[in-house]
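Descriptive analysis of the structure
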Amino acid sequence: MQTRSVVLACSVRGCGQPLLPSQDRRSWRCARSHCFDVARSGYLNLLQPNERRSRAPGDSEETVAARRRWMKSGRSAPLIEAVRERTLRLGLGRESAVLDVGCGEGTLLGSLQMEFGFEAYGVDISQPAIDAAARRWTDCGWIVANADIALPFQSGSLDLVLSITARRHPQEFARVLKAGGHVLYAVPAEDDQVELRERLHGEAYQIDRLPALIEAMAGFELVESARCRWQNTLDRESYEDLLSTAYRGARDAQRARLERSASMVITSSYQLALFRKQLT
Ligand SMILES: [Zn+2]
């Protein structure tokens, strides 16, 4: 775990002091002596005990493995390419700092960092996800934290926040971004996984619509919105991987209804929205 220009913030409630590494780089400490050990794989766990809703919050090891197989199979490549294109257009390079909120097992951020060389941080509440990310991409900073509560960065330190099918916290995004910094969202569109929802007919499905997103982003202007849509033909194994990542909370009855077929075509569809933090 290393930082270049970004300064981390202590996650103890009400503290927020800068966190600095010890000489041997095995722990990070603030001026009030709150101390966090670096994990063997190199990530930093800043999650406070009172910030977890369960003993092991976020994705389990099995879900992380399914997600990584899914990413490795290239079935999310159009979304990764859409994010990559926009990162390129923003002109981000070695001097820039990027945060991926809800980064999961890290394939998106890790591959972008390799290409662009920026200072990169991935935050997720799942320890297995962050551990997998830290083992694979050692040039990024990986942090376990609850982004719904606070982001462990000093104010005004980042150029881009990615929230790719992840959490939204506009006030925190605005705080950690530099003036003129950007937020890129990808949220599921109405027809995302429509084939699965047809099987679950009658089940309520929450869609993140663009107008609601724009309304939530006070202090930002919408720079661009676009659709990213493609289809995958799934074999049995990748279909299982999709179910265990997208429907991990599903009840047995739902799973049974979903698990009927051996192979099928599934639509992936996302609304992309790029916002810029206003200068004043
Ligand atoms: Zn502290």
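Everything here concerns the structure above.
Attention here is on the structure that accompanies the text. All values derive from a computational prediction rather than experimental measurement.

**Structural notes on the nonpolar core**
Membership of the largest hydrophobic core comes to 46 residues, with the highest contact counts inside it found for Phe 118, Trp 142, Leu 162, Leu 196 and Tyr 239. Aside from chain neighbours lying at most four places away, what touches Trp 142 is Met 1, Tyr 43, Leu 44, Cys 103, Gly 106, Leu 109, Gly 110, Gly 122, Ile 130, Ala 133, Ala 134 and Trp 137.

**Here's the deal with the coordination of the zinc ion**
Taken together, Cys 10 (SG), Cys 15 (SG), Cys 30 (SG) and His 34 (ND1) make up the protein donors of the zinc ion, found 2.1 to 2.3 Å from the metal. Coordination at the zinc ion comes from 4 donor atoms whose angles at the metal span 99 to 119°, giving a geometry best classed as tetrahedral. Of note, the donors binding the zinc ion are all from one chain and are spaced C-x4-C-x14-C-x3-H. Taken as a pair, Cys 10 in the loop between strand 1 (8-9) and strand 2 (18-21) and Cys 30 in the loop between strand 3 (27-29) and strand 4 (35-37) lie far apart in primary sequence, 20 residues in all.

**Considerations on the packing of aromatic side chains**
All chains considered together, the criterion is met by 5 aromatic pairs. Seen from their ring centres, Tyr 121 and Phe 153 are 5.4 Å apart, and the 65° between their planes marks the pair as edge-to-face. Here Phe 153 lies in the loop between strand 8 (141-144) and strand 9 (158-164) and Tyr 121 lies in strand 7 (residues 119-124), a separation of 32 residues in the sequence. Residues Phe 173 and Tyr 185 carry aromatic rings whose centres are separated by 6.2 Å and whose planes lie at 40° to one another, so their mutual orientation is tilted. Here Phe 173, found in helix 5 (residues 170-176), pairs with Tyr 185, found in strand 10 (residues 177-188); they are 12 residues apart in sequence, far enough to count as distant.

**Comments concerning the sheet that holds strand 8**
Taking strand neighbours across the sheet as the criterion, the 8 strands line up as 5-8-7-6-9-10-12-11 in an open arrangement whose pairing is mixed. Lying at the two open borders of the sheet, with one neighbouring strand each, are strand 5 (44-45) and strand 11 (220-234). Sheet topology places strand 11 next to strand 12 (residues 264-277); 14 bridges connect them, and they run antiparallel. Bridge pairing in strand 12 links Leu 222 to Phe 275. Packing of helix 3 (residues 107-116) onto the sheet brings it into contact with strand 6 (97-101), strand 7, strand 8 and strand 9, and relative to strand 7 it is tilted by some 175°. This element, helix 8 (residues 236-246), spans strand 11 and strand 12 of the sheet and lies at about 145° to strand 11.

**Quick notes on the pairing of strand 8**
By the alternation rule, side chains of strand 8 split into Gly 141 and Ile 143 and Trp 142 and Val 144, which are all buried. Relative to strand 8, strand 5 is paired through 2 bridges, and the arrangement is parallel. Paired with Leu 44 across the strands is Ile 143, a residue of strand 8. When strand 7 meets strand 8, the two strands line up parallel, connected through 4 bridges. Opposite Asp 124, over in strand 8, you have Val 144 as the bridge partner. Each parallel crossover has a hand, and for strand 7 linked through helix 4 (residues 127-136) to strand 8 it is right-handed.

**Observations concerning the packing of helix 1 (residues 61-72) against helix 8**
The packing of two helices is summarised by the inter-axis angle and the distance between the axes. Packing of helix 1 against helix 8 leaves a shortest axis separation of 9 Å and a crossing angle of 130°. Here helix 8 runs oblique to helix 1, going by the angle between their axes. Taken as a pair, helix 1 and helix 8 cross one another with a handedness that is left-handed. On helix 8, the residues touching Thr 63, Ala 66, Arg 67, Arg 69 and Trp 70 of helix 1 are Glu 237, Ser 238, Asp 241, Leu 242, Ser 244 and Thr 245. For the contact of helix 1 with helix 8, the residue count by class is 3 nonpolar, 4 polar and 4 charged.

**Points about the sheet that holds strand 2**
Pairing is antiparallel across the open sheet formed by 4 strands, whose spatial order is 1-2-3-4. Among the strands making up the open sheet, the edge pair consists of strand 1 and strand 4. Across 3 bridges, strand 3 lies against strand 4 in antiparallel orientation. Each bridged residue has a counterpart across the sheet, and for Ser 27 the counterpart in strand 4 is Asp 37.

**What about the packing of helix 2 (residues 77-89) against helix 3?**
Following both chains from N to C, one finds helix 2 and helix 3 inclined at 40°, their axes separated by 11 Å at the closest point. With respect to their mutual orientation, helix 2 and helix 3 come out oblique. Between helix 2 and helix 3 the crossing geometry is right-handed. Side by side, helix 2 and helix 3 meet where Ile 80, Val 83, Arg 84, Thr 87 and Leu 88 of the first sit next to Leu 108, Leu 112, Glu 115 and Phe 116 of the second. Of the residues belonging to the contact of helix 2 with helix 3, the class tally is 6 nonpolar, 1 polar and 2 charged.

Conventions and cut-offs
- Residues numbered from 1 in each chain as written.
- Predicted model: local features only at pLDDT ≥ 70, side-chain atom pairs only at ≥ 80, totals over all residues.
- Heavy atoms only, no water.
- Core = buried A, V, L, I, M, F, W, Y, C linked by side-chain atoms within 4.5 Å.
- Buried < 20%, exposed > 50% of the residue type's maximum accessible area, 1.4 Å probe, protein only.
- Contact = heavy atoms within 4.5 Å.
- Donors = N, O, S within 2.8 Å, 3.2 Å for Na, K, Ca; no water.
- Tetrahedral: all angles 85-135°; square planar, octahedral: opposite > 155°, others 65-115°.
- Helix = DSSP H or I, 4+ residues; strand = E, 2+ residues; numbered from the N terminus.
- Phe/Tyr/Trp six-rings, centres within 6.5 Å; stacked < 30°, edge-to-face > 60°.
- Pairing = 2+ DSSP bridges.
- Axes fitted to C-alpha atoms, helices over the stretch in contact; angles between N-to-C directions.
- Right-handed = clockwise from strand over helix to strand, strands pointing away.
- Parallel < 35°, antiparallel > 145°, perpendicular 65-115°, else oblique.
- Left-handed = near helix turned anticlockwise from the far one by under 90°.
- Nonpolar A, V, L, I, M, F, W, Y, C, P; charged D, E, K, R; others polar.

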